[in-house]
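Single-letter residue listing:
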Amino acid sequence: MKGCVYIVLMLCAGLAWGAEEEYELVPPGAKTPYVFASKPKEFAGKPDARSFGFDVDGAARFANLPAFGRDGALKIRIRATDPQTDAVEVTFQQSDRKVWGCPELSIGPEWSDVVLPFAEMKYFSHWWGHLPPVQDGDLPDPRLLRAIRFCYGAWLCRGTLDKPHGFEVASVKLVRLPPGAFGDGKDHSLDEFPRLAGEVDDTARFQRAVNATPAGVLTVPRGEYRISSPIRALNRCSFDLNKNAILRAVKPMACVLLIDGRRGSGVRPHDYNVFLRGGVVDGDGLASCVNVKGFAHYTLRDCTFLNGREYGLRVDGGYEMIAENVYCKCVKPGLAGNAGIVVNGGDSHYTDCIVVDYTIGFNLLKGGSNRLTRCHVWGGPIPPPKPGELPEMLKGSINFKIDCSSAILRDCYADTGEIGYLVNGWDTRLLGCSYFNNKHFKLDRITIIKHTRGRLLVADGGFIKTTPNYTVYDGCGEVEWRNMMYSGFGPNDDCPGALSFRRPSAKDPSALKLAE
């Protein structure tokens, strides 16, 4: 949510917290976990939200404790129970009618302790219009706490209203954070965070390193790192990976690395140059690779994403993703139906990005005004599942799938896919774009452009025919063609917008005059 500033840490096994003072807020004897489940389209009308919670007598429980101030926080043990549920609203409601909280608390499918500091809670001045005013420096006060409530509604499931949603809450604690819980204001290296006793992979040490580097830069040296549950960067930690640093999934999970910018950072509220640079993230067929959510300006550069189960890179929400020299490739069989780069945000730039052997190369789902420049999608190296069949990733393959509005593809290259460009968005421009089919992979029955909706401009491109069964254009007809070059097409082939080339004779007066 734009304008909100939070820092939320996901605590893994092995995170050292020191002597933490904590108080369980869930009433004794209450049945836990609390279970929230919604039906498809439950929030499509009115009411468009539902909540639950419990009362807390802060005056009786905390009146004699020293003030928590900026050291206070809620620690919530929570998990999502549906894949499309990734955030909830939580509120800290006081007896003086003041309400604090977080409208979009990021959660994942694994049980995690999510810490929400008082200093990073938003005052809910948007509620009802009659909450009392607060002064600079005011914070939640446990002595006035009367209720903790969780809410879920339409604003949290944009685009997935037709799906079920759910989450579970096992515990809610009031905690006093130890010094340094949110970092020391310095950049760090992963080498500073070794495995602790009993840790058999690198997940927990990675999470400790991320938590210790809010709004800073975490350097990751060369080496292979075994990841068994998603690393969650919710604090604007940037990553500088050695080109030979490999994060490899070793268990099934949603993704190897989740980077969520919706919370912001109390260290640098206006931090617009967060980045992931270098390295290799390998889903190994067990997980997708990297999911970036809710950022205002984020840079990806010089990264490799291998063997994503559902995707190599997925961008959800936000704007101004700057992705350069991103390489997505599958080398493991059995992943047909996945997508290299999935875009569900707008105003972003993807430059010199290569996708190899994902069934869909680029899948531009939603958002507007995305720009793709010099991006190349191709497939075929993964062999056929059975002799005589097409290579696995070419069945149903689409190089560029465009459902968003006002997309511009410039100098992009669709290479060996059943459909080169599937256009289902508004006001799409394919400028200088090409198609080629490598006949070595036995693919035929090509449709270069399939156009189902919206206006389309195709200009300054070039298509090459290498096998007999080609359709240049199959669509709704709202299309303009200009300055197209065709190679390998015959006189009876439909070649819209084709340029006419002829060699001027030396006896042609106009040609001679032009030469003079």
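Bear in mind the structure is a predicted one, so any value in this text is a computation, not a measurement.

## With respect to the overall build of the protein
Here is step 1: The helix and strand tally for the protein stands at three helices and 41 strands.
Here is step 2: By its C-alpha atoms, the protein is 105 × 50 × 50 Å across when sized along the principal axes.
Here is step 3: When each of the 516 residues of the protein is scored for burial, the buried share is 53%.
Here is step 4: Partitioning the contacts of the protein with sequence separation of at least 6, the portion at a separation of at least 24 is 65%.
Here is step 5: Accessible area of the protein: about 22,600 Å², with a carbon and sulfur share of 51%.

## Description of the sheet that holds strand 10 (residues 145-153)
Here is step 1: One open sheet holds the five strands; their spatial order is 4-10-6-7-9, and the pairing between them is antiparallel. Every interior strand has two partners, whereas the edge strands, strand 4 (49-55) and strand 9 (122-123), have only one.
Here is step 2: By the bridge criterion, seven bridges tie strand 4 to strand 10 in an arrangement that is antiparallel. By the bridge assignment for strand 10, Phe-54 is matched with Ile-148.

## Details of the packing of aromatic side chains
Here is step 1: Summed over all chains, the structure comprises 24 aromatic pairs.
Here is step 2: For the pair Tyr-34 and Phe-54, a centre-to-centre distance of 5.8 Å together with 25 degrees between the ring planes defines the contact as stacked. One end of the pair, Tyr-34, is in strand 3 (residues 34-38); the other, Phe-54, is in strand 4, with 20 residues separating them in the sequence.
Here is step 3: Under the relative-accessibility criterion, Tyr-34 is labelled buried at 17%.

## What about the pattern of salt bridges?
Here is step 1: Tallying each qualifying case throughout the model produces 26 salt bridges.
Here is step 2: Between Lys-293 and Asp-86 there is a salt bridge; the shortest N-O distance is 2.4 Å. Here the residue Lys-293 occupies a position in strand 21 (residues 288-293), and Asp-86 occupies one in the loop between strand 5 (72-80) and strand 6 (87-94), the gap between them amounting to 207 residues. As far as burial versus exposure is concerned, Lys-293 and Asp-86 are alike and both buried.
Here is step 3: A salt bridge links Lys-450 to Asp-474; the nearest nitrogen and oxygen atoms lie 3.2 Å apart. Of the two residues, Lys-450 sits in strand 36 (residues 446-451) while Asp-474 sits in strand 39 (residues 470-475), which places them 24 residues apart along the sequence.
Here is step 4: Under the relative-accessibility criterion, Lys-450 is labelled partly exposed at 28%.
Here is step 5: One continuous salt-bridge network, built from bridges that share partners, spans Glu-22, Lys-75 and Lys-173.

## Overview of unusual backbone geometry
Here is step 1: Note the cis peptide between Thr-32 and Pro-33, where omega equals 0 degrees.
Here is step 2: Assignment of secondary structure puts Pro-33 in the loop between strand 2 (21-24) and strand 3.
Here is step 3: Of note, the phi angle at Arg-97 is positive, near 75 degrees, even though the residue is not glycine.
Here is step 4: With respect to the helices and strands, Arg-97 occurs in the loop between strand 6 and strand 7 (99-106).
Here is step 5: For Arg-97, a relative accessible area of 44% translates into the label partly exposed.
Here is step 6: Positive phi, normally seen in glycine, also occurs at Asp-460, with a value near 60 degrees.
Here is step 7: Residue position: Asp-460 is located in the loop between strand 37 (456-459) and strand 38 (462-464).

## Considerations on the nonpolar core
Here is step 1: Counting residues in each nonpolar core, the largest one holds 85 residues, and the members touching the most others are Phe-206, Phe-239, Leu-276, Phe-305, Tyr-350 and Phe-362.
Here is step 2: With six residues, strand 23 (residues 311-329) is the largest single contributor of residues to this core.
Here is step 3: Not counting the four nearest positions on each side in its chain, Phe-305 is found in contact with Leu-276, Val-281, Cys-289, Val-290, Leu-300, Gly-312, Leu-313, Val-326, Tyr-327, Cys-328, Lys-329 and Tyr-358.
Here is step 4: Among the nonpolar cores identified, the runner-up in size contains 42 residues, and Met-121, Cys-157, Val-169 and Leu-174 belong to it.

## Comments concerning the confidence of the model for the protein
For residues with low pLDDT, the predicted coordinates do not support detailed interpretation.
Here is step 1: Here the protein averages 89 in pLDDT, and 90% of its residues register 70 or above.
Here is step 2: Low pLDDT (under 50) marks residues 511-516, which in the prediction has four contacts with non-local residues, meaning those over four places away or in another chain.

## Quick word on the environment of Asn-338
Here is step 1: As for its placement among the helices and strands, Asn-338 is situated in the loop between strand 23 and strand 24 (339-346).
Here is step 2: For the pair Asn-338 and Met-393, spaced 55 residues apart in sequence, the C-alpha to C-alpha distance is 8.9 Å.
Here is step 3: The residues touching Asn-338, leaving out its near neighbours within four places in the chain, are Gly-308, Arg-309, Glu-310, Tyr-311, Cys-330, Tyr-358, Thr-359, Ile-360 and Met-393.
Here is step 4: A distance of 3.0 Å separates the side chain of Asn-338 from the backbone oxygen of Gly-308, its partner in a polar contact.

Scoring rules and cut-offs
- Within any chain, residue numbers begin from 1 and follow the written order of that chain's sequence.
- The predicted nature of this model means local features are confined to residues of pLDDT at least 70 and side-chain atom pairs, given and counted, to a pLDDT of 80 or more, with totals for whole chains, interfaces and linings taken over all residues.
- The basis for every side-chain value is the complete set of heavy atoms in the structure, and neither hydrogens nor water enter the calculation.
- Going along the chain from the N terminus, every DSSP run of H or I of four or more residues is numbered as a helix, and every run of E of two or more is numbered as a strand.
- Three exposure classes are used, based on accessible area relative to the maximum for each residue type with a 1.4 Å probe and protein chains only: buried under 20%, partly exposed in between, and exposed over 50%.
- Any two residues having at least one pair of non-hydrogen atoms within 4.5 Å are treated as being in contact.
- In short, Shrake-Rupley with a 1.4 Å probe defines the accessible areas, and a residue's cover is counted only from the protein chains shown.
- Two strands qualify as a pair provided DSSP detects at least 2 bridges between them.
- Each Phe, Tyr or Trp ring, with Trp reduced to its six-membered ring, pairs with another whose centre is within 6.5 Å; inter-plane angles below 30 degrees give stacked pairs, above 60 give edge-to-face pairs, and intermediate values give tilted ones.
- Salt bridges are defined by distance alone: a side-chain nitrogen of Lys or Arg within 4 Å of a carboxyl oxygen of Asp or Glu.
- In this text, buried Ala, Val, Leu, Ile, Met, Phe, Trp, Tyr and Cys residues form a nonpolar core when linked through side-chain atoms within 4.5 Å.
- Confidence scores here are pLDDT values: one per residue, from the predictor, ranging 0 to 100.
- Polar contact is the term for a pair of N or O atoms within 3.5 Å; when the atoms are in protein, one must be able to donate a hydrogen and the other to accept it, and sequence-neighboring residues count only if both atoms are side-chain atoms.

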